Structures are given as C-alpha cells and as structure tokens.
Protein chains: 2
Amino acid sequence: MATIEELKLRVRELENELIKCKQKQCAAEDAQNQQLHRPKIDRMSAEVVDSNPYSRLMALKRMGIVDDYEKIRTFTVAVVGVGGVGSVTAEMLTRCGIGKLLLFDYDKVELANMNRLFFQPHQAGLSKVEAAEHTLRSINPDVSFETHNYNITTMDNFTHFMERISSGGLEEGQPVDLILSCVDNFEARMAINTACNELGRIWMESGVSENAVSGHIQLIIPGETACFACAPPLVVAANIDEKTLKREGVCAASLPTTMGVVAGLLVQNVLKFLLKFGTVSYYLGYNAMQDFFPTMAMKANPQCSDRYCRRQQEEYKRKEAERPKVEAVQEEEEEEVVHEDNEWGENAADRYASEQCRIGSCSSFFVIFLCINTRLYGAGIELVSEVTDAELQAASGAVPDLPEGITVAYTIPVEDTESGDTVGETEQSLEDLMAQMRKL
Amino acid sequence: MATIEELKLRVRELENELIKCKQKQCAAEDAQNQQLHRPKIDRMSAEVVDSNPYSRLMALKRMGIVDDYEKIRTFTVAVVGVGGVGSVTAEMLTRCGIGKLLLFDYDKVELANMNRLFFQPHQAGLSKVEAAEHTLRSINPDVSFETHNYNITTMDNFTHFMERISSGGLEEGQPVDLILSCVDNFEARMAINTACNELGRIWMESGVSENAVSGHIQLIIPGETACFACAPPLVVAANIDEKTLKREGVCAASLPTTMGVVAGLLVQNVLKFLLKFGTVSYYLGYNAMQDFFPTMAMKANPQCSDRYCRRQQEEYKRKEAERPKVEAVQEEEEEEVVHEDNEWGENAADRYASEQCRIGSCSSFFVIFLCINTRLYGAGIELVSEVTDAELQAASGAVPDLPEGITVAYTIPVEDTESGDTVGETEQSLEDLMAQMRKL
C-alpha cells in the first residue's frame, strides 16, 4: 500500500513526464506548421533579396518580357486532371503566383504514379486533389485553392463543374479565366469541351501518348478555333472504362520527361495568354523520338456535332461582321506585331483570321491535321506524327483492324478521296521542309 | 490536503494522459518514418499493380520504345548545379530509377528560388545538395546518392571533381557514364569542359537565358563535336563574380516553365542516349516567345584553344581512319536507321559525320550557329535566335557597346566578311522555311 508521500512523488513524476511529452509534441507541431507556411505576402515586390519569392518573376518586367507581372494574382485557372501533366501544371502556376487554382480529380495517389514528378511515396492512398493542395499551399500560401474530388463526367458532377467554372473565380460569382484539360481519357475531354462550348469559355487541351514519347497542347476558343468535337480523334475506346483497359494489360507507359515538357509548354502558353507576351500557340506538338515540335491552327468546323460550338461560331461570325474592316495589307503587317494594346481576344482573332487565309480550305486542313497529328485511341491519348499512310487509307475507307472495344470515331467520307490525295502531297512537302530545316 | 483516494485518482488520470501523449508521439514518428522510406526494390518489375513504382516505365518495353529498360539501374550520372534545371533533372532521373546520382553545388536554398520547381520554402537555408538528397531519397530509395557541397571551379575542388567523375561510378573506381552541366555561369561550364576534354568523358550542356524565355541543351563528345571552348560565346563577363552582378541589380529573371521544359528535354536526351532509343539531339534550342525549337550539330574546331580538345580530335581522327570504310550511299541510308546494334558512340559518329557533309565548311557553320543560337553574356547564359544583324555586324567588326565588365570573347575575323553574307542568306531561308511550315 502506497503512502501519501509516495503517491505525491508519483504525481510529480508523472506531471513532469507529461509536460516533457507535450513539449515534444508542440515542437513537432511547430516544426510542421513552420514547414507548411511562410507568411503570406500582400504585394509582389521586385526587390532583389534572397528572401523574396517573387524577385525572379518580377525581373521579367525589367527584362522587357512582361509589362505587368503582378496581374498574375488577379487570374483564376481551373486544372481538370491532377496526374502527370496536371500536377506539374498546378505546381508551376502556384510557383508563378497565380491568384486562384481550382483542381478537379477523382483519383488516388498510388506508388505507380512515382515515375512522374510531383507526388511522393508517403502520399499514396490520399486523394490527388487533397495531396496536391497540401503540397501547393506549403509552396505558396498566397494562392487560393478550391478542390473537387469527383469525376466531372457524371451528370451531377458535370452540373457542379459547369457551375464552378462559371462562378468559381477569385471573386465568387465571377467565371474562371482559363480551363486546362490535363485528363487522360476521351470522355473527360468531351465533358470539358461540352462545358466550354456551352459557356463560351476559352480552354487549353493537353495530352501525352500511351507510348510516353509524344504529346501536345492546344488552345481552344469556342466559335473561333476547332473544338474537340470539330475534329474528333481517328479512333476511340467505345464504352470501355479506362481502368478495365489498364487491368487487362493495356497499361500506358509514361515518363517524367515528356510529362514535364508538356506541362511546361502548357503553362508557358497560359502565361503568354494571360500576361500578354510572345506568341500564343494554337497547337504545339512534341515528338520526343525526333525532337520535332509541329505547330498549327485549325478553324472551327461548321458541321461540328456540338450545337453549342455551332452557336458560338454564329456568334463569332456576327461579331466579326460588326468589327470595322481592316485592309488586307494592314492585316498582314499586324501579324508580325504580337500582343498590342488591344484585348488579346481581338488580337488572337486577327492573327487567327489571317492565318486561315494562308491555310486555305477547311476540309483539306482537317485531313492534314488528322494525318500529321492525331491518333487518339485506347484511353483517348494522342500520338504525334505516327499515323502511317496505310492506317490513314484504312481509316478513309474500311474500318482498320483494331483491338476489341476500339472503334473508328471519324472516317473520311468516300467523296473526299480527292482530299486524300492532298494529304499525301502535303505530308510529303512537310517532310521536305523538315529535311531542309535539318540541313541548316 | 489531498486524500490517498484523490491522489490515486490523479495518478491514474496522469498515467492515462501520458499514454495517450506517447501514443500520439509514436504515431507521428511512424508517419515520419513511413514518409521518408518505401522499402527498396531488388528487381524492376513490369507487373501492372498500383503499388509498383516502375510499372509505367517498364511499359516502355511492351510499347516497343526501349529494349531493356532495367539497364537504367546500371548507369551513374553526375549533375553539376542543382538549381532550376539541375534539381528537376535530378528528380526526373531519380523517378526513372537511375543507378547512381552525383550532385555538385555550393549554393543554399533561398525563398528567391521558389519560383522554380523542386525546392520548398521550409528548406530555405539548407545546402541545395543536402535538401535535394533528402527529397530524392524519399522519392526513390533505390537510387544511390553522392553529394558534394562545393564550387567545382576552385583548384582543390576541381581536382576532387575530376577524381569523382573518373571513379565515382556505381562501382567505385568506375567512371560516371554521363556528366550534365546545369550551372548558370561561364566559369563553371568551362571547368566541366576542361575536365571532360582531359578525361574524354561525354557530357551534356544546358542553359536558360537571363530573360527566362529561351534555353538549350547540347551533347558534347570530346574530339567529335564542338566543345565549349571550340565555339566560345559572343560576349562574356570578364572577372566579375556573378553574385556581384546580381547585387548591382542585374537579377536574372526565371520561370518554372522554361526551366521545366529544358530539364525535360535534357533528361529525355539522357534517356535516349543511355537506353538507346530515338534520335539523340546534338543541340536543341527552345525559344518560348515563338515556340521555336532549333536543332543542329557542330563539329570540333581544329583551332580550339583547349589542347585536350585538340588531342581528343587527333584521337578521334585516328580511330576514324582505322575503321573500315563505308560507301557514301550506304552512309546516307544508315542515317535513317537510329540506334542499331552497334555501340551508340559509333552510331552517333556515323550520323554526325554524314550530317557534317550536308552542313559544309566548318567556319560558315560556326557563324550560322553564333547568329541563330548563341549570345552568352552576363553570367554566361544563352539566348536563342535573338542576335540582331546589327549586333552580329558589330561583333564581327569593332567591339559592340557593352555594359562595364562585359567583353567580347569571340570576334569574327575581318577576312570572314564573305561568311557574313552567307549568314544573312541562310537566316533568310530559315525564316522562309518557318513561314512555309506555319502555312501548313
């Protein structure tokens, strides 16, 4: 039986031990908190000191590249798909000091994702949006985040997705400034396309091929440039869940290099678009095997299957007709001048219109585009410059020999065999040009 | 005065609280340990399960891109400079499962680095190599790391650097397989160049311009391709410490996008070189303003100021002379075939030699290279395609008007005015080709 003195001693011992334990816990929490947050910064400064996280970005003004870098804080960007491309895209925008990011993804982090940048092994099992928000907040606490852990393609989620891109801007009720598609399947791309056509929101597409060695980015301005339904991929998976495909052994390859390059090209295009510098690319491909980077522009298809796209085209035509006419010569001169004082939208439209003059007829251009740049299949992922003549011929005529569940989404009508010839010719001359380029 | 019962109750309460506190502490420690390490993996598996960190890389074999992906584990790569490009380069190689990485840098992580990928605010104050090793080990514990927190350009460190690239391979005593220059100044590039010429080691150069919107990567095979001393930059900072330049307000701009793209292109070239797939680029530039990616190859300069370069050239010539002759027609055909069964070195040499045939004389090519691609100044950083005709003319004749401390390192001899004309012509035709490309 313990005496009162013994018990009192025991109480003191326990109290001391508990205090020590709690102090350790506090220190660990403090360290964690310190790790998570640097203080917020009210105003971007150009001061050249080691403690200024924005000095190297504000230097873009002194270097004459960007007129008003601080404006980056006023923009909201939605990133749909936080995988190999989307996560790096979100990190780049966060480090650039974007105003607000909306992240959409329904997947969980897995060890199988560790061959790409951004996620770390200890995050395995967390939802991608949750893990991403945690990391991004600790990188830059000045950015606002809004995350949605759902699949945008289901009916309810799609409605909510539409609502958020319409009113999830930095100031609630304002639309987001740009939507970025970093998804890995056809269905999700089509959902974004449908939403953006209906809402008339500008977006950028991105994709990496299943064999990991090519990718692309694309700017889509509803009514002006071709939407995702204007030029559907050559072949797509029909009603097959991507996960099923993967489990049956159709596991796509991926590389941190290709994903990093595509994310870098995408965010560079975003910065040029939002901050008005350089030339914004309409389409930029990346073929890693040959280090070849095709660029092009494609106008909207008047026969597009998306009625909202056709409506946006009417709207665009109406606006174009209302604008004061510019002489042809002057327009050509304007082409050289990039990002003048007028709104980018108008400027882009000008340049786009003049580019169309040179491109010629829409239908032949479509075929070239298909031939050189698109072969979306399996999970709706794109390859650059890898469609063989035989495959194209097959797609133009009979249905090509494809794995079970994969169907042709777009065949060139029989009456278009003439354009088929055009393809051969044009592709040839592109290769000639490339050969000549290489000689230099 | 407390009773025995009250004291007993208090002891029980404290004991319970202490247990809870210690449990929390253990859980936190467990989490931290788990956070730092996934178990090492003995053999790369191609199994398609979420828990396999190599499944998407091993899929490159099934996709027909890489013959033997597992070979990645046998290679050692040295990364000199762990900044905006070097850190992402190291992360990509780590995620790809490289055998061993040697990291060299003498800088500390600062908040001013947060506009580029990789480092996080809580690492501010740590040495870059220490912070990088910690993060990279947690990402992939299968990789071996060796870090050196010093400036390779001082005499003692340079000797040690030479020793490490000669014998710091996966198996001590073996040389590293490839050296990557991710430094931001002329002096460090020259040090790497000197070491690699003397040791006959293949290396890759990378760089990003001071205005953050262009960059390049370059493969250098001593004796075969131009070394850094063969084609010195147009203008360089003379005897000015980079830090001094920065403090005086010459703070270089930087972007996570450009740095990410350059790191991605660099590591892609490393993978193609080590794993023998695709076409390895000799030189690949990135102009972010126009999304233009110039490529070219440049042979070694017989008048190079580096005597080890000249010695390597002799060695290369001797080896070439010993090789059995191949007919010209056959050589042209070989050009199309990339990475045959023979050693890459030989294959590269073949392709390089045949490329040289098309390029023509060395001196005129030098001028084209300077004109289109190089303007290293300030801290020895490169701009792509931004030298004006006036500047080139100035550099060819009198010394251009440069800021204090910046001197011309390379002037075109007066007797070369003929080549000066060639430049104008060639550049013109390049632009014509670009215009034609855009039309497609």
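Fair warning: this is a prediction, and the values are worked out from it, not measured in the lab.

Okay, helix H5 (residues 155–167) of chain A next. Residue and element names in this part refer to chain A. Counted at 1.5 Å a residue, the expected span for H5 with its 13 residues is 18 Å, and the 19 Å between its end C-alpha atoms agrees. Of all the positions in H5, only Asn157, Phe158, Phe161, Met162, Arg164, Ile165 and Ser167 are classed as buried. Residues of H5 that are buried make contact with strand E1 (76–80), strand E2 (100–104), strand E3 (144–148), strand E4 (178–181) and helix H6 (186–199).

Residue and element names in this part refer to chain A. The strand order E3-E2-E1-E4-E5-E6-E8-E9 describes an open sheet built from eight strands, whose pairing is mixed. Bordering the open sheet on either side are E3 and strand E9 (295–296), each of which pairs with just one other strand. Across four bridges, E1 lies against E4 in parallel orientation. Along E4, the bridge assignment pairs Val79 with Leu180. Across the sheet, H6 is in contact with E1, E4 and strand E5 (203–208); its angle to E5 comes to roughly 170 degrees.

Residue and element names in this part refer to chain B. Examined against the element boundaries, Ser181 turns out to sit in strand E4 (residues 178–181). Residue classification places Ser181 among the buried positions, given a relative accessible area of 0%. For Ser181 and Met298, which are 117 residues apart along the polypeptide, the C-alpha to C-alpha distance reads 18 Å. The contact partners of Ser181, leaving out residues within four places of it in the chain, are Val80, Arg189, Ile192, Trp203, Met204, Glu205 and Ser206. Side-chain polar atoms of Ser181 contact the side chain of Glu205, separated by 3.1 Å.

Let us now look at helix H2 (residues 55–62) of chain A. All names here are of chain A. With respect to burial, H2 is a largely interior element, six of its eight residues being buried. For H2, the set of buried residues is Ser55, Arg56, Leu57, Met58, Ala59 and Leu60. In the stretch just after H2, Gly64 is the one whose phi turns positive, near 80 degrees.

About the criteria used
- Every chain is numbered on its own, with residues counted from 1 as its sequence reads.
- Just so you know, chain letters begin at A and ligand numbers begin at 1, following the order they were written in.
- Reporting of local features is limited, given that this is a predicted model, to residues whose pLDDT is at least 70; pairs of side-chain atoms are given and counted only at 80 or more, and all residues count toward the totals for whole chains, interfaces and linings.
- To get the side-chain values, all heavy atoms of the structure are used, and hydrogens and water are removed first.
- Put simply, DSSP H or I for four residues or longer makes a helix, DSSP E for two residues or longer makes a strand, and each gets a number counted from the N terminus.
- The span you would expect from a helix comes to 1.5 Å times its residue count less one.
- Exposure categories follow from relative accessible area, calculated using a 1.4 Å probe and restricted to protein chains: below 20% of the type maximum is buried, above 50% is exposed, and the middle band is partly exposed.
- Contacts between residues were defined by any pair of non-hydrogen atoms, one from each residue, lying within 4.5 Å.
- Think of it this way: DSSP has to see at least two bridges between two strands before they count as a pair.
- A fitted line through C-alpha atoms represents every axis, and for helices the fit uses only the stretch in contact; the resulting angles, taken between N-to-C directions, go from 0 to 180 degrees.
- In the analysis that follows, any N or O atom pair within 3.5 Å is treated as a polar contact, provided that within protein one partner can donate a hydrogen and the other can accept it, and provided that, for residues neighboring in sequence, both atoms belong to side chains.

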